[in-house]
Amino acid sequence: MVSMKDIANACGVSIATVSKALNGQLDIGEETRGRILRAAEEMGYMANAAARALKTKRTYNLGVLFVDPMHGGLAHEFFSMVLDGIRSEAEKNGYDITFINNLGSRSSTYLQHCRYRGVDGVVIASADFRDPMVEELVRSELPVVTIDHVFNDHIAVVSDNARGMEELTRFVAAKGHRRLALIHGEKTSVTLNRLAGFYRACEEFDIRVPEAWIREGVFHDPHGCYRITKELLALPERPSCIFFPDDYSCIGGINAVTEAGLHIPDDISAVGYDGIPLSRIVSPVLTTWRQDTAGMGATAAARLIELIERPRTAILDRVIVNGSLQEGGSVRQL
């Protein structure tokens, strides 16, 4: 039976390029697309693909559940890189992806949408994991892999959130800072793990953090971080360093510091999280924890494909994807 690898070898292109041509994607040249389609037809791939679907009872289509409450969509730098990792790994293995996030009037559930689209399995990349529709999808017969959330008896791909925040806090404490404030995201397992890492490092350096300096915000919300930062700066004793929930939200905090007539890092230090490209171009360059977002997406897609194709041997475990500290100029030595 002819495979996409056979076509790729015949045309001298990658399997991903063959997948794009066969699935009508627009980011390859017309000449290349035509050459691949002609080769596929001559080699009998189209018929084989249909036969493969009938034989395997699979559509070779992965669902990606992506719900962004801040409505950033694919402009969301963190998740755009996660999704690119999913797409790249899916294409490499001959799968398409379908977004499961447009429910319109919500007359259909996520599970019903998945069945309507005929997906073989789902990566839950971003969602409210307490939503009954998400729980219904996880409990269904469909193979599911989650990102940054763990369900019992399911594969989860998670970032090293506790270690990341612990390493960031150690870095700041080693610079002499003891007055630390933390603005965290909404209460999820990601936030709880980061809080654990933060407090673990604070205990190591015997740092006492007032409750007034721990504030709840929302991920990817610079406007909310702007407001909370103004409140922190107005306290009788202000912190010497503020930890922000993510690099994008940090922009709002930086604006609040600037409006107060203060400077980073001379008057107050700032720390982000995620390591998105934006963190490298702000001035001063942001000290942050870089998450391997593309690696998380690719790992999630690879594990989902394994679960679909080899369900008897797939291990239902938690996969931790490591990140790294990115030092910038936003933390001053005291």
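The structure this text deals with has already been given above.
Keep in mind it's a predicted model, so treat the numbers as computed, not measured. (Residues numbered from 1 in each chain as written. Predicted model: local features only at pLDDT ≥ 70, side-chain atom pairs only at ≥ 80, totals over all residues. Heavy atoms only, no water.)

Draft legend 1. Broad picture of the packing of aromatic side chains. One pass over the structure, following the stated rule, counts 5 aromatic pairs. When the ring centre of tyrosine 273 is taken as reference, the NZ or CZ atom of arginine 194 above it lies at 3.7 Å. (Phe/Tyr/Trp six-rings, centres within 6.5 Å; stacked < 30°, edge-to-face > 60°. Lys NZ or Arg CZ within 6 Å of the ring centre and 35° of its normal.)

Draft legend 2. Up close: the sheet that holds strand 4 (residues 144–147). Strand order in the open sheet formed by 6 strands is 2-1-3-4-5-11, and the pairing between neighbours is parallel. At either end of the open sheet lies a strand with only one pairing partner, and these are strand 2 (96–99) and strand 11 (318–321). Along the sheet, successive strands turn relative to each other by an average axial angle of 20°, direction set aside. In this sheet, strand 11 lies alongside strand 5 (residues 155–159) in parallel orientation, the contact comprising 4 bridges. Bridge pairing in strand 11 places alanine 156 opposite arginine 318. Contacts from helix 7 (residues 132–139) reach strand 1 (61–66), strand 3 (121–126) and strand 4 within the one sheet, and its direction differs from that of strand 3 by about 145°. (Pairing = 2+ DSSP bridges. Helix = DSSP H or I, 4+ residues; strand = E, 2+ residues; numbered from the N terminus. Axes fitted to C-alpha atoms, helices over the stretch in contact; angles between N-to-C directions. Contact = heavy atoms within 4.5 Å.)

Draft legend 3. The arrangement of the pattern of salt bridges in detail. Enumeration over the complete set of coordinates arrives at 21 salt bridges. A salt bridge links glutamate 91 to arginine 87, with the shortest nitrogen-to-oxygen separation between them at 3.2 Å. One end of the pair, glutamate 91, and the other, arginine 87, are both in helix 5 (residues 77–92), 4 residues apart, so they sit about a helical turn from each other. Taking relative accessible area as the criterion, glutamate 91 reaches 3% and is therefore assigned buried. Judged by its relative accessible area of 26%, arginine 87 is partly exposed. We note a salt bridge from glutamate 167 to arginine 170, for which the minimum N-O separation is 3.0 Å. You can see glutamate 167 and its partner arginine 170 sitting in helix 8 (residues 161–174), 3 residues apart, about one turn around the helix. (Salt bridge = Lys/Arg side-chain N within 4 Å of Asp/Glu carboxyl O. Buried < 20%, exposed > 50% of the residue type's maximum accessible area, 1.4 Å probe, protein only.)

Draft legend 4. Looking closely at helix 7. Within helix 7, burial applies to Met133, Val134, Leu137 and Val138. The arc that holds every buried residue of helix 7, seen down its axis, measures 140°, which confines them to one face. Opposite its buried face, helix 7 presents the exposed residues Pro132 and Arg139, each directed more than 90 degrees away. Where helix 7 is buried, its residues contact strand 1, helix 6 (110–117), strand 3 and strand 4. A distance of 2.9 Å separates the backbone nitrogen of methionine 133 from a side-chain oxygen at the start of helix 7, and that oxygen is part of aspartate 131. (Arc of directions from axis to C-beta. Polar contact = N/O pair within 3.5 Å; in protein donor to acceptor, adjacent residues only side chain to side chain.)

Draft legend 5. Here's a closer look at helix 10 (residues 222–233). Compared with an ideal rise of 1.5 Å per residue, which puts 12 residues at 16 Å, helix 10 spans 16 Å between its outermost C-alpha atoms and is within 8% of the ideal. Where helix 10 is concerned, the buried positions are Pro222, Gly224, Cys225, Ile228, Thr229, Leu232 and Leu233. The buried residues of helix 10 occupy an angular sector of 165° when the element is viewed end-on, so they sit on one face. Structurally, helix 10 contributes buried residues whose contacts are with strand 6 (180–184), strand 7 (214–216), strand 8 (241–243) and helix 11 (247–259). (Expected span 1.5 Å × (residues − 1).)

Draft legend 6. Layout of the pairing of strand 4. By the alternation rule, side chains of strand 4 split into Val144 and Thr146 and Val145 and Ile147, which are all buried. Sheet topology note: the strand 3/strand 4 ladder contains 3 bridges and is parallel. Bridging across to strand 4, valine 123 finds its partner in valine 145. Taken together, strand 3, helix 7 and strand 4 constitute a β-α-β crossover, and its handedness is right-handed. Pairing between strand 4 and strand 5: 3 bridges, direction parallel. From the neighbouring strand, threonine 146 faces strand 5, where its bridge partner is alanine 156. (Right-handed = clockwise from strand over helix to strand, strands pointing away.)

Draft legend 7. Region of interest: the nonpolar core. Formed by 39 residues in total, the largest nonpolar core has its most connected members in Val172, Leu180, Phe198 and Phe243. Taken together, the elements giving at least two residues each to this core come down to helix 8, strand 6, helix 9 (189–204), helix 10, strand 8, helix 11 and strand 9 (269–271). For this core, the element with the most residues is helix 8, which contributes 5 residues. Contacts of valine 172, omitting those with residues within four sequence positions, involve His177, Leu180, Cys241, Phe243, Val271 and Val331. Within the second largest apolar cluster, 27 residues are counted, among which are Leu62, Leu83, Ile86 and Tyr95. (Core = buried A, V, L, I, M, F, W, Y, C linked by side-chain atoms within 4.5 Å.)

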